Amino acid sequence: MFRQIIRRILGSIPTLFALATVTFFVTRIAPGGPFSSDKKLPAEVIAKMNAMYHLDEPLWMQYGRFLKDVIHFNLGPSMYYKEYSVAELIHQGFPISLEIGAWATLIYVFFGLLFGFIAALKRNGIVDYAVMTLAMGGIVIPTFVIAPMLQIAFGVAFHFLPVGGWDGSWRSMILPICAMALPNIAYVARLTRGSVIEVLRSNYIRTARAKGVGEWQTLSRHALVAAMMPVIAYLGPATAALVTGSMVIETIFAIPGIGRYFVQSAIDRDYTMVMGVTLIYGSCIILFNMVTDLIQALLDPRSTHG
Amino acid sequence: MSQFKKTVLPAALAFSLGMALMSPAFAESVLNRGFGSAPSTLDPQLNQGARENYIIGDLYEGLVVTDPHGNTQPGQAEKWEVSADGKTWTFHLRDGLKWSNGDPVVAGDFVCGLLRIIDPKVGSTNSYYLISVLTVTNAKAFNEGKVSADQVGIKAPDDQTIVISLENPMPAALYIFTTLTTAPLHEASYEKAGNKIDYTNPANMVTNGAYVLKEFVPQSKVVLVRNPNYWDAKDVKIDSVIYDVTEDESTELKLYKSGAIDTTITVPAEQLPAVKQEMPKELIQSPTLGVRFLSLQSDAEPMKDIRVRKALSYAIDREFLQDKIEKIGNIPLYSLSVNQDPDYKPGKLEEAAWTQAQRNEKAKALLAEAGYGPNKPLTFTVIGPSKYKRRIEGIAAIWKKTLGIRVNIDLNETKVWLEKLNTGNWVATIDGYGGDYPLAKTWLDNLRHSDQSGYHWLDDKYEKLMDDANANAADKSRFYDYLSQAEQEVLNQYVTIPITVSTDNFLVKPYVKGWAVNPMGQPLTKYLSIEK
């Protein structure tokens, strides 16, 4: 088990390295640079800015410089927010995205499993259809439609909650967390329902029932864990996406997380920032995939490890 | 009565009465201003953004300021003179000026700030203000590292006086001194921090304006509170101003409607008609210095033929484009300069005087004359940034309807479009230029020939007129006359064809007083008050 973990962590290093390299070259090959603007700056001025950030050097030389910095964990200054380094901006924004993402994950896992289970147990009944229709709606209606609807309902029509903005209080967290959780609740509910139905048909469940194990015990001890496996697999990449913030949610609710950097830095050609957020996202994916693989290994009685 | 009622109730009553009596003393007036997307920097000399200047303008004060009506007023300088030849400006500071930390504001602080604009080590993109807009003596040489700072024509003969020497006179110079780029710098803090001040750290920031920085939360808000050391602090009515980052326009509108913010930075285009109906008194439509034009590459087919260029210009129904297609309050434009000194006579496209029906007729005739028709259809590609989608598609549709021509539209995100533009391999684009100050020279300087710009147009007559204008800048009427002729020359060539000047739309709550409409942007908070 321990060896597995070490092996995974060591294996992630070349992956991140490859990710950084591809990101480095792709961003610099894309047309446009960080300092072009429609203010039509004189060419000498742009040349000077490019020189200050070493963008006038040949690519392989810039890459060498980048590697040297990365070894020392230095991601450099942001090319757009000139007073801040990439590390500072991520340090400020990541905890916020993390907090919202973590809460959203807890909520959607809980409610997704709950609704999925209920739908599976009351299969083909009214409850099942109702839950599944809502689920379909949650999956199909985009976040940028649901979020403004929540804002209008709770912020403008009834002044229950702030329309947007972040002051660290739970009140400014509720709507973004709900908007983020809803589509995932829907997806997890569907996933759980299908998985539970399949598990309930399996041989060992029939055996347990035949042996006289109570329905509640059958469900909680035997069916639950098996049914959760697909959900756990889903959690890996999903958690990585949620804790690094959603561009749409953070823009609409004016949340100062790192979600919006993913898109905005690319548009601004802020090379260093793009690299920073890409590496964070990559690391999160690797980390959470590793965690969920471990959990699955632990929980799966068929597993030969642990 | 129970024991409770006898003791607790009277106590509670007294307490709440006490609080009610005390509260007016604690009531602080706070203005929440929607800001748009997060400020890129609060460094006055490095900042390029127009919006950031609202925050910087509340924090710092330059020699002169712009009032809500767009007029220049004394700022840190109480009076100034310009020499007869227009080449020397002398500013006299008020007595008793202080920085937010109590240090006196001295002329050397202004020299420090101004030199920083052109300091090669700082690398400010605003250096052209003092090199080409104002041709300060030796500014260019200093910026290129050829001379030292003490050779530059920016001097403080004593603590109360600043003298700026120019190579060429520039009547609109005062506007440059209203820009926050020319803000003074607290020399001691600057020396201590080296070449880069951590400006956004309230602990380090020393400012001389009406407000000081209290809190800066990146991507979220900037909180300012009143500066007790400001010379005019007694007239500043709002105690605290919070600039809220509102990246999403629709969210900003909802924040305004729910009362979370008191003013906005914009109104979403699709919501403008509804907003006009629901809150007409709160909507402010303010002219800007942002001119938008159709650019045609004069040395490429089919634009080589001036008849084609004229026809394309005549056929654009500018009023229809704004009223029915763009619908964001922009104003049709037939000149290349706007919102400036009434003494200046701007050039005008000849078709300005005709009706659209007449323009369409002449356009069709010219196109036929140039040899285009059903046998030889006119077609070309228009490149542009995605943000001008509606405008470009609207113009293409108008051309199709009026002239029967089909154009290809190639839109890209702004940075990609700029790359294409700079190569020069295009025949038509919609471009724009935000003037730095309200005088034709700013837009006309932008049209002068440059090898790197991607615009191939070079007209010796135009260049000469612009040089003549600069040479005669000391004499206002001759200066204006040459500029006017230059503007007319460009318009007559139909290579840069004005379409519209943009309008800013803001929402301002009725209890916010002091707001006025002016092309220089939103008013400084020190001029505003809240009356609830």
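Residues numbered from 1 in each chain as written. Chains lettered and ligands numbered in written order. Predicted model: local features only at pLDDT ≥ 70, side-chain atom pairs only at ≥ 80, totals over all residues.

Draft legend 1. Just the overall build of chain B, in detail. When its secondary structure is counted, chain B shows 17 helices and 18 strands. For a compact globule of 532 residues, the expected C-alpha radius of gyration is about 24 Å, and chain B comes in at 27 Å, within 12% of that figure. Dimensions along the principal axes, computed over C-alpha positions, put chain B at roughly 105 × 65 × 40 Å. Residue burial in chain B is summarised as follows: out of 532 residues, 46% are buried. (Helix = DSSP H or I, 4+ residues; strand = E, 2+ residues; numbered from the N terminus. Rg over C-alpha atoms; globule rule 2.2 N^0.38 Å. Buried ≥ 20, exposed ≤ 12 C-beta atoms within 10 Å, placed from the backbone.)

Draft legend 2. Layout of the overall build of chain A. What chain A contains, in helices and strands, is 12 helices and zero strands. Starting at the N terminus and ending at the C terminus, chain A contains elements arranged as α-α-α-α-α-α-α-α-α-α-α-α. Principal axes of the C-alpha set define a box for chain A whose edges measure 85 × 55 × 30 Å. For chain A, long-range pairs separated by at least 24 residues make up 71% of all intrachain contacts whose partners lie at least 6 apart in sequence. (Contact = placed C-beta atoms within 7 Å.)

Draft legend 3. Highlighting helix α14 (residues 414–423) of chain B. All names here are of chain B. Taken as a whole, α14 has its buried residues at K415, W417, L418 and L421. Burial along α14 is one-sided: seen end-on, the buried residues are contained in an arc of 155°. In this structure, the buried side of α14 is in contact with β13 (381–385), β14 (408–412) and β15 (428–434). G424 occupies a position one or two residues after α14 and carries a positive phi of about 85°. (Arc of directions from axis to C-beta.)

Draft legend 4. Just the sheet that holds strand β6 (residues 154–158) of chain B, in detail. Residues and elements named next belong to chain B. On the basis of which strands lie adjacent, the open sheet formed by four strands has the order β4-β5-β7-β6 and antiparallel pairing. The strands lining the two open edges of the sheet, one partner per strand, are β4 (77–82) and β6. If you compare each strand with its neighbour and ignore which way they point, the axes differ by 20° on average. With five bridges joining them, strand β5 (residues 88–93) and strand β7 (residues 161–165) adopt antiparallel strand pairing. Residue pairing in the sheet places T90 in a bridge with V163 of β7. Helix α3 (residues 107–118) rests against β5, β6 and β7 of the sheet, and its axis sits at about 170° to β6. (Pairing = 2+ DSSP bridges. Axes fitted to C-alpha atoms, helices over the stretch in contact; angles between N-to-C directions.)

Draft legend 5. Focus on the sheet that holds strand β10 (residues 240–245) of chain B. All names here are of chain B. With mixed pairing, four strands are arranged side by side in an open sheet as β1-β10-β9-β8. Pairing within the sheet leaves two strands with one partner each, and these edge strands are β1 (30–36) and β8 (211–217). Across this sheet, the average inter-strand angle for adjacent strands is 20°, counted without regard to direction. Pairing of β8 with strand β9 (residues 221–226) involves six bridges; the strand directions are antiparallel. The partner of V217 across the bridge, within β9, is K221.

Draft legend 6. Up close: the interface of chain B and chain A. Taken together, the contact between chain B and chain A spans 36 residues of the former and 39 residues of the latter. Broken down by secondary-structure element, the contributors of at least two residues to the side of chain B that touches chain A are β10, α8 (249–257) and α14 of chain B. Looking at the side of chain B that touches chain A residue by residue, the class counts come to 10 nonpolar, 16 polar and 10 charged. (Nonpolar A, V, L, I, M, F, W, Y, C, P; charged D, E, K, R; others polar.)

Draft legend 7. Structural view of the nonpolar core. One finds L130(B), A311(B) and A486(B) to be the most contacted residues of the largest nonpolar core, which totals 202 residues. For this core, the leading source of residues is helix α7 (residues 171–200) of chain A, giving 15 residues. (Core = buried A, V, L, I, M, F, W, Y, C linked by C-beta atoms within 7 Å.)

Draft legend 8. Broad picture of the environment of K211(A). All names here are of chain A. Topologically, K211 is positioned in helix α8 (residues 203–211). Among the residues examined, K211 registers 8 C-beta atoms within 10 Å and is labelled exposed. Between the C-alpha atoms of K211 and G194, which are 17 residues apart in sequence, the distance is 25 Å.

Draft legend 9. Quick look at α3(B). Residue and element names in this part refer to chain B. Here α3 spans 18 Å end to end across 12 residues, near enough to the 16 Å set by a 1.5 Å rise per residue. Counting buried positions along α3 yields 11 of 12 residues, so the element is predominantly enclosed. Inspection of α3 places A107, D109, F110, V111, C112, G113, L114, L115, R116, I117 and I118 among the buried residues, and these make up the whole buried set. Tucked into the core, α3 has its buried residues touching β5, α4 (128–133), α5 (139–143), β6, β7 and α7 (187–193). (Expected span 1.5 Å × (residues − 1).)

Draft legend 10. The environment of T133(A), seen in detail. Its place among the elements puts T133(A) in helix α5 (residues 126–140). In this structure the C-alpha to C-alpha distance between T133(A) and A186(A), which are 53 residues apart in sequence, comes to 9.3 Å.

Draft legend 11. Fine view of the pairing of β6(B). Residue and element names in this part refer to chain B. Here β6 pairs with β7 via three bridges, running antiparallel. The residue bridging I154 from the neighbouring strand is I164, located in β7. In textbook terms, the turn of a hairpin is the stretch between consecutive antiparallel strands, and for β6 and β7 this stretch comprises two residues.

Draft legend 12. Representation of the packing of helix α4 (residues 86–121) of chain A against α5(A). All names here are of chain A. Direction vectors running N to C along α4 and α5 enclose 145°, while the axes themselves pass 7 Å from each other. In this structure, α4 meets α5 at a crossing whose hand is left-handed. Residues F115, I118 and A119 of α4 lie in contact with α5, whose contacting residues are V127, D128, V131 and M132. Residue composition of the contact of α4 with α5, grouped by class: six nonpolar, no polar and one charged. (Left-handed = near helix turned anticlockwise from the far one by under 90°.)

Draft legend 13. Focus on the environment of V64(B). Relative to the helices and strands, V64(B) resides in strand β2 (residues 64–66). When near neighbours in sequence (up to four residues on either side) are disregarded, V64(B) contacts T72(B), Q73(B), P74(B), G75(B), A77(B), L174(B), F177(B) and T178(B).

Draft legend 14. Spatial organisation of unusual backbone geometry. Between E301(B) and P302(B) the backbone carries a cis peptide bond, its omega angle lying at -5°. Mapped onto the elements of the fold, P302(B) is located in the loop between β11 (283–296) and α10 (306–315). For F73(A), which is not a glycine, the phi torsion comes out positive at approximately 55°. When you line up the elements, F73(A) lands in the loop between α3 (59–71) and α4. Phi at N124(A) is positive, roughly 65°, even though this residue is not glycine.

Draft legend 15. Up close: the packing of helix α6 (residues 143–157) of chain A against α7(A). Residue and element names in this part refer to chain A. Packing of α6 against α7 brings their axes to within 10 Å, and their N-to-C directions diverge by 145°. The handedness of the crossing between α6 and α7 is right-handed. Contacts between α6 and α7 involve T143, I146, A147, L150, Q151 and F154 from the former and L175, C178, A179, L182 and P183 from the latter. In terms of residue class, the contact of α6 with α7 is built from nine nonpolar, two polar and no charged.

Draft legend 16. Looking closely at the pairing of β10(B). All names here are of chain B. In the sheet, β1 pairs with β10 via six bridges, with the strands oriented parallel. Following the sheet pairing, N32 is matched in β10 by I242. In the sheet, β9 pairs with β10 via five bridges, with the strands oriented antiparallel. By the bridge assignment, V225 is partnered in β10 with S240.

Draft legend 17. Region of the structure containing the confidence of the model for chain B. Taken as a whole, chain B shows an average pLDDT of 90; of its residues, 94% reach a score of 70 or greater. For this predicted complex, the interface confidence reaches an ipTM of 0.84, while the overall pTM sits at 0.87. (pLDDT = per-residue confidence, 0-100.)

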